[in-house]
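Chains, contacts and geometry: an overview
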Amino acid sequence: SERYNARDAEPRWQRQWDEQAIFVSRNDDSRPKYYVLEMFPYPSGRIHIGHVRNYTLGDVLARFMRAKGYNVLHPMGWDAFGLPAENAAIERKVAPKAWTYDNIAAMKKQLRSIGLSLDWSREFATCDPSYYKHQQKMFLDMLAAGLAEREKRKLNWDPVDMTVLANEQVIDGRGWRSGAVVEQRDMSQWVFKITKYAQELLSALDGLDRWPDKVRLMQRNWIGRSEGLLIRFALDPATTPEGESELKIFTTRPDTLFGAKFMAISADHPLAQAAAAKNPKLAAFIADIKKIGTAQEIIDTAEKQGFDTGIRAVHPFDPSWTLPVYVANFVLIEYGTGAIFGCPAHDQRDLDFVNKYGLGNTPVVCPEGQDPKSFVITDTAYDGDGRMINSRFLDGMTIEQAKEEVAKRLESELRGNAPVGERQVNFRLRDWGISRQRYWGCPIPVIHCPKCDVVPVPDADLPVVLPEDVSFDRPGNALDHHPTWKHVTCPQCGGKAQRETDTMDTFVDSSWYFARFTDPWNENAPTTPAVANRMLPVDQYIGGVEHAILHLLYSRFFTRAMKATGHIALDEPFAGMFTQGMVVHETYQKADGSFVQPAEVKIEIGGNGRRATLLGTGEDIQIGPIEKMSKSKKNTVDPDDIIATYGADVARWFMLSDSPPDRDVIWSDERVQGASRFVQRLWRLVTDAVELAKGAPSARPASFGADATALRKAAHAALDKVTTGIERLHFNVCLAHIREFANAFSEVLQRPGQPAPALAWAIREASQILVQLFSPMMPHLAEECWQVLFENGLGQAGLVSEADWPQIERDLLVEDSMTLVVQVNGKKRGEVTVATAAQNPEIEAAVLALDAVKLALDGKPVRKVIIVPKRIVNVVG
Ligand code: ANZ
Ligand code: ZN
């Protein structure tokens, strides 16, 4: 038969799916719903291979669930705001809007060529005014509900991108996009009150049992709940600036109070400011350490530095005991009270600090089994379990008992009218700052009036549309530079006023797009609650683990905010979450260190392993480590090239084979070629089967011979395993079962002679099952095969993409043989396979006939044979 021609078949089937609109999901469909969503792409200009993996994973599930009879929602759109569009405008003088929509058109064409079962009728881009109009409305709803606020605070300023960044977007003290060292600035900005939901966002993680544990753990850590005690330390008046009398600290280790050696406050603490007013050296120190970023990583790795303010604090359990108060660079203003007491023996930062300033340490927790007298701390703090020592009334207690005792005593002790200690729960999570000083984003719909302050844009004036006549001839925010856009009259007093020129963080756009997909046609509201509540949550969300914190946490918050403002009636947007691995590739380098693309390299496998040379020149190429595909390392492959050369089905099959979907997959040309050969093999297999099964009876035979039964068993076993494999997203395992079944099937087909009618019927059944099994992974090939079956009177009319998933005949899954371990005198000597129905005398005979058993008995008589049903046979000699 002829070779399967993907280049001809793939576009043909894609057109047919489109014309028949089979992947369009209707909101009035009464079947149970299943919502599959992959993280929507940023329209950078080209689909990369990671997208192909991401969307293929979702597509397999979507196609499978459709075959299982669900009303599948599988939409696609564009996360279209963001900085690259502005950079393109600056570098190439193209308008951000034109650049973005051109990219969308190009990428949409690429996505179509992958053969995804997407409902394009719901497509939108977040930069469409018809989308962001609703986002602006929700912002105003949140403002009214106290979930959005204007706040003045220290902000992460990215000096290269000239914008504010959220804490989440500062990685190792640098902007996540620009890589520039982030500066701290005092600015007013808009925040979403995500902290109002801190506890709820934390508690609800327990219920997300179809999320990866590691993602839940990352969110837990990010939210960072800790239980502790707020303690008011009195300050010695003789040492303290006017107007200050106490220092409030937050501690999670009140048990270690008797090990305290110093107090430390943040450079931004009011007490530090007060002390610096009269102390120029301290002021200089403060200015110096403020240059460092507030990112946790920077603080953790920077050398500990402090400056003694001269102020002395009084120990809460001993009025004659005072502690020096330092300004220190490792205390954050944003956390707790911006002040701590330091217990060096049990906290590494504190220990590094005292070792530098010679303040000493006293251990107060002694590990079980250690002699307190010989327990000394030098360079490593002890943060483990143990009993209290050197701690007066706490001595001998466990840490937990001591914490409780200290809390109780300080809670009941009053100074002024207030207790000295107060239990408190603290969260690391900060409110989400959303103001960005950028043009290409969703305008924040408020107006600043000199008389009325902040005035919301009236609903009737939404959307606040981005102007298109902007210029990027100077750095900063093009919206702010626009000659007229920001000048408006105040909706309240009619006086002169100015629009807010900040736009929203693009993470806002992606925090609710999944909800918009449920009814993107609603012009009057972000969602149609009845529809959204029925179609949500997303049953399976798929995307990269790089979004484990930012996007997933924001979406969980935003869903709650939408609930609070009446747009939706659920809390959790994503019932199932799957984080896929990356596509990685070897790197190739010339002798001068420059990287070359895989397509330029020829690999030969010789006696000394693999050798690489440059195509054309033949110059030696160094094969480097396997790394994430990146432009700089030139180890990328272009999906367009792969699809043009091999077809989409091969790319899809390759993406799913070898590695579990949550692990990295190594791109390998050899294996892609292997996938390509497998496509041809399947095609041949089906066309061969058609020839042999042509005369098959249409009615199911009353009985099947051994050969027909064996084939049917193989087909239904594969069906069973692939079904559960897809349900569990174990796609690589499914592929292995399909290969195994294809092998067994082709053996049957190679037998000489024309098959008897019952076997012919079984061959037809097996062909149908096989084609359906691989149809979620290789849908084009499957359509082509399905059509051939139908044209030869062996299959069903219509598209395989619309066929019901085959029914498993459970009777055929029963194993008819079993394998038992054979032991002689308790030692394993081999295995025996017998019929499941075999009786003990039969099993015994089979075992004693084994050479390995005779050898082990070495002529000794058999005294007894013990049979553990279905598992072990032990021969005692
Ligand atoms: C005394 C102490 C003794 C502490 C000890 C720890 C160990 P988590 O668990 O993350 O909540 N801390 C409090 N506020 C701080 C701030 N603004 N900047 C830097 N550090 C701060 O951490 C709570 C602990 O971190 C607190 O408990 C405090 O140090 C420190 F053996 O108090 B601890
Ligand atoms: Zn006004």
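An unreviewed UniProt entry annotates the chain as Leucine--tRNA ligase of Bradyrhizobium commune. What UniProt states about the chain under its Sequence similarities (unreviewed entry) heading is, verbatim, "Belongs to the class-I aminoacyl-tRNA synthetase family." Within the UniProt record for the chain, the comment given under Subcellular location (unreviewed entry) is "Cytoplasm".

Before going further, it helps to examine the overall build of the chain. Of regular secondary structure, the chain possesses 26 helices and 37 strands. Principal-axis analysis of the C-alpha atoms gives the chain an extent of 110 × 85 × 65 Å. If you take every contact in the chain between residues at least 6 apart in sequence, the share linking residues at least 24 apart comes to 72%. Here the chain has roughly 38800 Å² of accessible surface; of this, 50% comes from carbon and sulfur atoms. Both charge centroids of the chain, one from 102 positive and one from 114 negative side chains, sit 1 Å from each other.

Our next topic: the coordination of the zinc ion (ligand 2). Looking at the zinc ion (ligand 2), one finds its protein donor set to be Cys 449 (SG), Cys 452 (SG), Cys 490 (SG) and Cys 493 (SG), positioned 2.1 to 2.4 Å from the metal centre. Each of the 4 donor atoms around the zinc ion (ligand 2) contributes to a set of angles spanning 105 to 115 degrees, which defines the coordination as tetrahedral. Along the chain, the residues donating to the zinc ion (ligand 2) are arranged with the sequence spacing C-x2-C-x37-C-x2-C. Of the two residues, Cys 449 is situated in strand 21 (residues 446-449) and Cys 493 in the loop between strand 23 (487-489) and strand 24 (496-499); the sequence distance between them amounts to 44 residues. Assessed through its relative accessible area of 7%, Cys 449 is described here as buried.

As a matter of local geometry, ligand 1 sits amid 18 residues, with Ser 226, Thr 251, Leu 332, Tyr 335 and Arg 428 nearest to it. Between Thr 252 and ligand 1, the recorded distance is 3.1 Å, taken from a backbone N or O atom to an oxygen atom. Relative to its unbound accessible surface of 640 Å², ligand 1 loses 88% to contact with the protein. Those elements that provide at least two residues to the shell around ligand 1 are strand 9 (246-251) and strand 13 (339-342).

The sheet built from 4 strands is open, its strands ordered 35-34-37-36 with mixed pairing. Bordering the open sheet on either side are strand 35 (827-835) and strand 36 (864-868), each of which pairs with just one other strand. Within the sheet, the average angular offset between the axes of one strand and its neighbour, ignoring direction, is 25 degrees. In terms of strand pairing, strand 36 meets strand 37 (residues 872-876) through 5 bridges, oriented antiparallel. Along strand 37, the bridge assignment pairs Ile 866 with Asn 874.

Time to look at the environment of Ala 548. Along the polypeptide, Ala 548 turns up in the loop between strand 26 (540-544) and helix 17 (550-564). Spatially, the C-alpha atoms of Ala 548 and Gly 753 are 58 Å apart, while their sequence positions differ by 205 residues. Sequence-distant contacts of Ala 548, that is, excluding residues within four places in its chain, are made with Val 215, Met 218 and Gln 219.

Below, the discussion takes up the UniProt feature "binding site: ATP" (unreviewed entry) in the chain. UniProt's entry tags Lys 631 with the feature "binding site: ATP" (unreviewed entry), counted in the numbering of this structure. Tracing the backbone shows Lys 631 in the loop between strand 32 (620-628) and helix 18 (639-646).

Taken together, the 4 strands give an open sheet; going across it, the order is 2-1-26-27, and neighbouring strands pair in parallel fashion. The open sheet has two free edges, formed respectively by strand 2 (71-73) and strand 27 (577-580), since each of these has just one partner strand. Averaged over all pairs of adjacent strands, the angle between their axes in this sheet comes to 20 degrees, without regard to strand direction. Both strand 1 (residues 33-38) and strand 26 contribute to a ladder of 3 bridges, which runs parallel. The partner of Glu 38 across the bridge, within strand 26, is Ile 542.

Here we come to the environment of Gly 306. Among the secondary structure elements, Gly 306 is positioned in strand 11 (residues 306-315). Residue classification places Gly 306 among the buried residues on the basis of a relative accessible area of 10%. C-alpha of Gly 306 to C-alpha of Ser 130: the two residues are 176 residues apart in sequence and 54 Å apart in space. Beyond its immediate stretch of four places on either side in the chain, Gly 306 contacts Phe 285, Tyr 326, Val 327, Ala 328, Phe 353 and Tyr 357.

Moving on: the pairing of strand 10 (residues 262-265). Successive side chains on a regular strand alternate, one facing one side of the sheet and the next facing the other. Every second residue of strand 10 is oriented toward a common face, with Phe 262 and Ala 264 on one face and Met 263 and Ile 265 on the other, all of them buried. Judged from the 3 bridges that link them, strand 10 and strand 12 (residues 318-328) form a sheet pairing that is parallel. From the neighbouring strand, Ala 264 faces strand 12, where its bridge partner is Tyr 326.

Every second residue of strand 27 is oriented toward a common face, with Met 577 and Thr 579 on one face and Phe 578 and Gln 580 on the other, all of them buried. By the bridge criterion, 4 bridges tie strand 26 to strand 27 in an arrangement that is parallel. Pairing of Tyr 541 across the sheet is with Met 577, part of strand 27. Regarding the hand of the β-α-β motif, the stretch spanning strand 26, helix 17 and strand 27 is right-handed.

Glancing now at the pattern of salt bridges. For the coordinates displayed, the defined rule picks out 52 salt bridges. Among the ionic pairs, Arg 150 bridges to Glu 500, the shortest N-O distance being 3.6 Å. Of this pair, Arg 150 sits in strand 3 (residues 148-158) while Glu 500 sits in the loop between strand 24 and strand 25 (503-504), and the two are 350 residues apart along the sequence. According to the relative accessible area criterion, Glu 500 is buried, its value standing at 5%. One salt bridge in this structure joins Glu 400 and Lys 403, with 3.6 Å as the shortest N-O distance.

Along helix 11 (residues 348-357), the positions that sit buried rather than exposed are Asp 350, Leu 351, Phe 353 and Val 354. Down the axis of helix 11, the buried set is contained in an arc of 160 degrees. They therefore lie on one face. Among the structural elements, strand 10, strand 11, strand 12 and strand 13 are those in contact with the buried residues of helix 11. Capping of helix 11 at its N-terminal end is provided by Asp 347; its side-chain oxygen lies 2.9 Å from the backbone amide nitrogen of Arg 349.

Calculation notes
- All residue numbers refer to positions counted from 1 along the written sequence of the respective chain.
- By the order in which they are written, chains take letters starting at A while ligands take numbers starting at 1.
- Totals for whole chains, interfaces and linings use all residues, but because this is a predicted model, local features are given only for residues with pLDDT of at least 70 and pairs of side-chain atoms are given and counted only at 80 or more.
- Hydrogens and water molecules were not included; the side-chain quantities draw on all heavy atoms of the structure.
- UniProt positions are given in the numbering used here, feature names are shortened, and annotations may be inferred rather than shown by experiment.
- A run of H or I in DSSP becomes a helix once it reaches four residues, and a run of E becomes a strand once it reaches two; helices and strands are each numbered from the N terminus.
- Note on definitions: a residue-residue contact is assigned when non-hydrogen atoms from the two residues lie within 4.5 Å.
- For the area figures, the Shrake-Rupley method with a 1.4 Å probe applies, and any residue is considered shielded solely by the protein chains shown.
- Counted charges follow a simple rule, with Lys and Arg positive, Asp and Glu negative, and His plus the chain ends left uncounted.
- Taken as the charge centre is NZ of Lys, CZ of Arg, CG of Asp or CD of Glu, depending on the residue.
- Metal-coordinating donors are taken as N, O and S atoms lying within 2.8 Å of the metal, or within 3.2 Å when the metal is Na, K or Ca; because water is left out, some sites can appear incomplete.
- Only two sets of limits are used to name each site, 85 to 135 degrees for every angle of a tetrahedral four-donor site, and over 155 degrees for opposite donors with all other angles from 65 to 115 for a square planar four-donor or octahedral six-donor site, with any other site named irregular.
- Each residue is placed in one exposure class: buried if its accessible area under a 1.4 Å probe, protein chains only, is under 20% of its type's maximum, exposed if it is over 50%, and partly exposed if it falls in between.
- Whether a residue is near a molecule or strand depends on its heavy atoms: if one lies within 4 Å, it is near.
- Nitrogen and oxygen atoms within 3.5 Å of one another constitute a polar contact, given that in protein one can donate a hydrogen and the other can accept it, and given that sequence-neighbouring residues count only through two side-chain atoms.
- For two strands to pair, DSSP has to find at least two bridges joining them.
- Comment: axis = line fitted to C-alpha atoms, over the contacting stretch for helices; angle = value between 0 and 180 degrees taken between N-to-C directions.
- Throughout, right-handed denotes a crossover for which the path from the first strand over the helix to the second runs clockwise when the strands point away from the viewer.
- Salt bridge criterion: a side-chain nitrogen from Lys or Arg within 4 Å of a carboxyl oxygen from Asp or Glu.
- Directions drawn from the helix axis to the C-beta atoms are what define this arc.

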